[in-house]
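Architecture at a glance
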Amino acid sequence: MSFAKAALTETVSRPQALAARQNADGGWSYVRGVSWTEPTVYAALALLSSGEPEPVRRAVQWLRAAQRPDGGWPPQPEVQQSTWVTALVAWLPPDLIGQEAHARAIRWIAASAGEESDAIFRVREWLLGQGALRAREAPGWPWVPGTAAWVAPTSVALLALRKELRRNPDARLENRITLGRRFLLERMCRGGGWNHGSNQALGYPTTPYPETTGLALLALRDVRAAEIDASLSLAQQYLRECRSADAWNWLRLGLLAHRRLDTTVLPAADLRLRTVPELALDCLTQAALQGHDEIFG
Amino acid sequence: MPAPVSIVRAPAYDQRLYETVRRLLAEHRLNVRGRTVVLKPNLVEFEPQSTINTHPLLVHAIYEAFRAMGAAEVRIAEGPGHRRNTLDLADAAGYFHTVPRFEETFVDLNLDDVTRVRLARQVSQIEKLYLPNTALRADLLVSIPKMKTHHWTGATLSMKNLFGLVPGGVYGWPKNMLHWAGINESIVDLHTAFPRQFAIVDGIVGMEGNGPIQGTAKYAGVLVAGRDVRAVDATCCRIMGIDPMKIAYLQPHTPADASLRAEDIRQLGETVAATATPFALIREFQGLRLASPA
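Below, the structure is looked at part by part. (Residues numbered from 1 in each chain as written. Chains lettered and ligands numbered in written order. Predicted model: local features only at pLDDT ≥ 70, side-chain atom pairs only at ≥ 80, totals over all residues.)

What follows deals with the overall build of chain B. Each helix and strand counted, chain B has eleven helices and twelve strands in total. The C-alpha atoms of chain B give 17 Å as radius of gyration, which agrees with the globular expectation for 294 residues (19 Å, within 12%). Each principal axis of the C-alpha distribution contributes one length, and for chain B these read about 45 × 45 × 35 Å. Here the analysis covers contacts within chain B between residues at least 6 apart in sequence; of these, 75% occur between residues at least 24 apart. (Helix = DSSP H or I, 4+ residues; strand = E, 2+ residues; numbered from the N terminus. Rg over C-alpha atoms; globule rule 2.2 N^0.38 Å. Contact = placed C-beta atoms within 7 Å.)

Along its length, chain A carries 13 helices and four strands. Computed over the C-alpha atoms, the radius of gyration of chain A is 19 Å, within 12% of the 19 Å expected from 2.2 N^0.38 for a compact globule of 297 residues. The buried share of chain A, reckoned over its 297 residues, is 52%. Taking the intrachain contacts of chain A between residues at least 6 apart in sequence as the baseline, contacts between residues at least 24 apart amount to 62%. (Buried ≥ 20, exposed ≤ 12 C-beta atoms within 10 Å, placed from the backbone.)

A few words on the pairing of strand 1 (residues 5-9) of chain B. Side-chain direction in a regular strand flips from residue to residue, so the side chains alternate between the two faces of the sheet. All names here are of chain B. A large share of strand 1 lies buried, amounting to four of its five residues. In terms of strand pairing, strand 1 meets strand 12 (residues 267-269) through three bridges, oriented parallel. Across the sheet, V5 pairs through a bridge with Q267, a residue of strand 12. The sheet contact formed by strand 1 and strand 11 (residues 216-226) spans five bridges and is antiparallel. (Pairing = 2+ DSSP bridges.)

A separate point is helix 12 (residues 245-257) of chain A. Residue and element names in this part refer to chain A. An ideal rise of 1.5 Å per residue puts 18 Å on 13 residues; helix 12 measures up with 18 Å between its terminal C-alpha atoms. Of all the 13 residues making up helix 12, 13 are buried; the element is thus mostly covered by neighbouring parts of the structure. R259 lies just past helix 12 and shows a positive phi near 55°. (Expected span 1.5 Å × (residues − 1).)

A few words on the interface of chain A and chain B. In this complex, chain A contributes 30 residues to the contact, which on the side of chain B involves 25 residues. Counting only elements with at least two residues in the side of chain A that touches chain B, the list comes to helix 8 (151-167) and helix 12 of chain A. Split into classes, the residues belonging to the side of chain A that touches chain B amount to 19 nonpolar, five polar and six charged. (Nonpolar A, V, L, I, M, F, W, Y, C, P; charged D, E, K, R; others polar.)

What follows is the structure, given as C-alpha cells:
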C-alpha cells in the first residue's frame, strides 16, 4: 500500500501497513525519517489491539530507552526535554512499558501544569497591570514545561491519569482530573466545540476545530453536562464535513466515547491517511468499534 | 544601508505572475545555480476562500522561477502553528491543485528532523532552539508571507512568517514557547538564526482588521521583495499605512541593524506613495498608524 495515497475508503490491512513502516530501531516516524515518541505510541497501541506482538515489543524497547532521568519522555531522543508526549506513553499498559517507568511518568504528569495557573505568575501579572487578580485557574497541561496549558495536551494528560486512577484510586489524582476537566469545560467555545486554546482572543470569539473538539470529547468521556451535548452535536456536524483524517479519527473517538457515533457516516472518498498517527488512530478507532478500546482501556 | 527593496504591481493571481516574479528576482541578481532553495509560505487555516494563506499560484511562480535560475533543488516547506494536518491544509488551500507533484516537493517543518541551535545573538529568552534541518541546510530561505495585520504584533510579514520554522513536533501547536520568550524578541532571534534569506510578500490580496485569521480581505495589488527582510517588512508597513518605527520587532537591536527610515531604503520599481493602501487596524493598534505613506 502506497502510504501517502491511502484513502480511508480503501480496504487494506492497516495493521500490516503500520507494521511495515516500523523503523529499524523499533520506533516510528511521522511520515519518514527518525523515530518520534508520538507516532511510536499510537502505532504500539494500534498493533497491541490488532495482536501484533513483535513490533509492539520492539516499540516498547525503543520507548524504554528514550525515557529521560526526570521520568518524562522527549518528543524524540534528539530533544533534551520531557514534554507532553509523556502522557501519551502513559496510555500504554504499565506491565508493557514497565511498572516503575510508568509510575515515574505518572508522577511527571501530575507535577506538570500550565504556567498561567501558577499563583506567583498570576500575582505578578496582576501587579504588572495585566488584568484582575483571578481566583485560582483550573490547571491544564502545556505542550512544553514553562508555557501555558492547551486543549490537546490537557486532553492527553487527562486520559492518562484517568486510566491510572482506575488502576490505583487516589484522591489527589482524582482532584487533579476534576480540575483538568474544568479547564476543558471553561475553554469550550460558545456554541460548543474546542479551539486549541482559549474560547476567545482579544475579545473576539475563537472558532472550534474538529480535531481538538474530538480529542476533548474523548477526554471528557465520563462527563455529562448540557455543554457536552452542544459539543457532541457540533462534532457530528464536523464528521459529515470532515476534510482531514486527523479530524476524522478524533471526532469518531470522541463521539464513540459518548456513544454518539453514527457509523453510517462515511469519509469523503479523497480523505487520505497521510501520517503514521493518522493510520494508527484509524486502526485504534476500528478496534474500539469492535470493543477493543486501547485508549480508554 | 539596507539592500534594495522592490515594489511591483501584481493585479491578480493569474498567469502574469510567472513573468512578474521572474523579472522581480532578476532585479536582485540572486545566485542560486546549483544551490538548495527553500520556499516558506504561510499556511494557517482551512479557509480556501479567505486571504489567510499565501496564494499557491504565487508560490508556484516563485518555485518555477528559481528552477529556471538553475537551483539544484527547490522545496516548499511550512510548519503551521495552529493545525497539525499540514498536507490537508495545503490541499484545502489549493497547493495540490496548483503545484505539480506538490507532495514530493513539500516538507512539513513541524515533523522534520531537527538540530539544536544555540542562537548567535539572543534578544529573547530563548537560549537554544530545535530547528528543522530542511530550513537549516537551505542555501537560501525565501519567506513568502501574506501581507496581514496581526492582533499581537501589529503586522505579520516576512520576519513573523519564520514562526513556521519552529517545529510543532517539538514545541506543540501553537508554538507557545515563542510567546513566553517574548513574541517580538523571538521574531528577531529567529530572523538572526537564518542569515541567508530573501522575502517576497504576497500583497496582492492581504488581510486587514483583526488579522492574522479573523480579519477581512484587503486588496493591495503588490508584491514586495528583497534580501533585507527587515527593510522589506518596513516597506510593507508603509504601504499598509503602518509606521514601521512603531513595530517592536523591526527596531534595531544591534548597531549592525540598518536604519529603516524611508529615506534609507532604496526602493526599486513602484514607490510607497504610489502603492499605499491603508489597512484597517483594530482599536488597540490605532497608535501604529503612519502619518503619511512616503
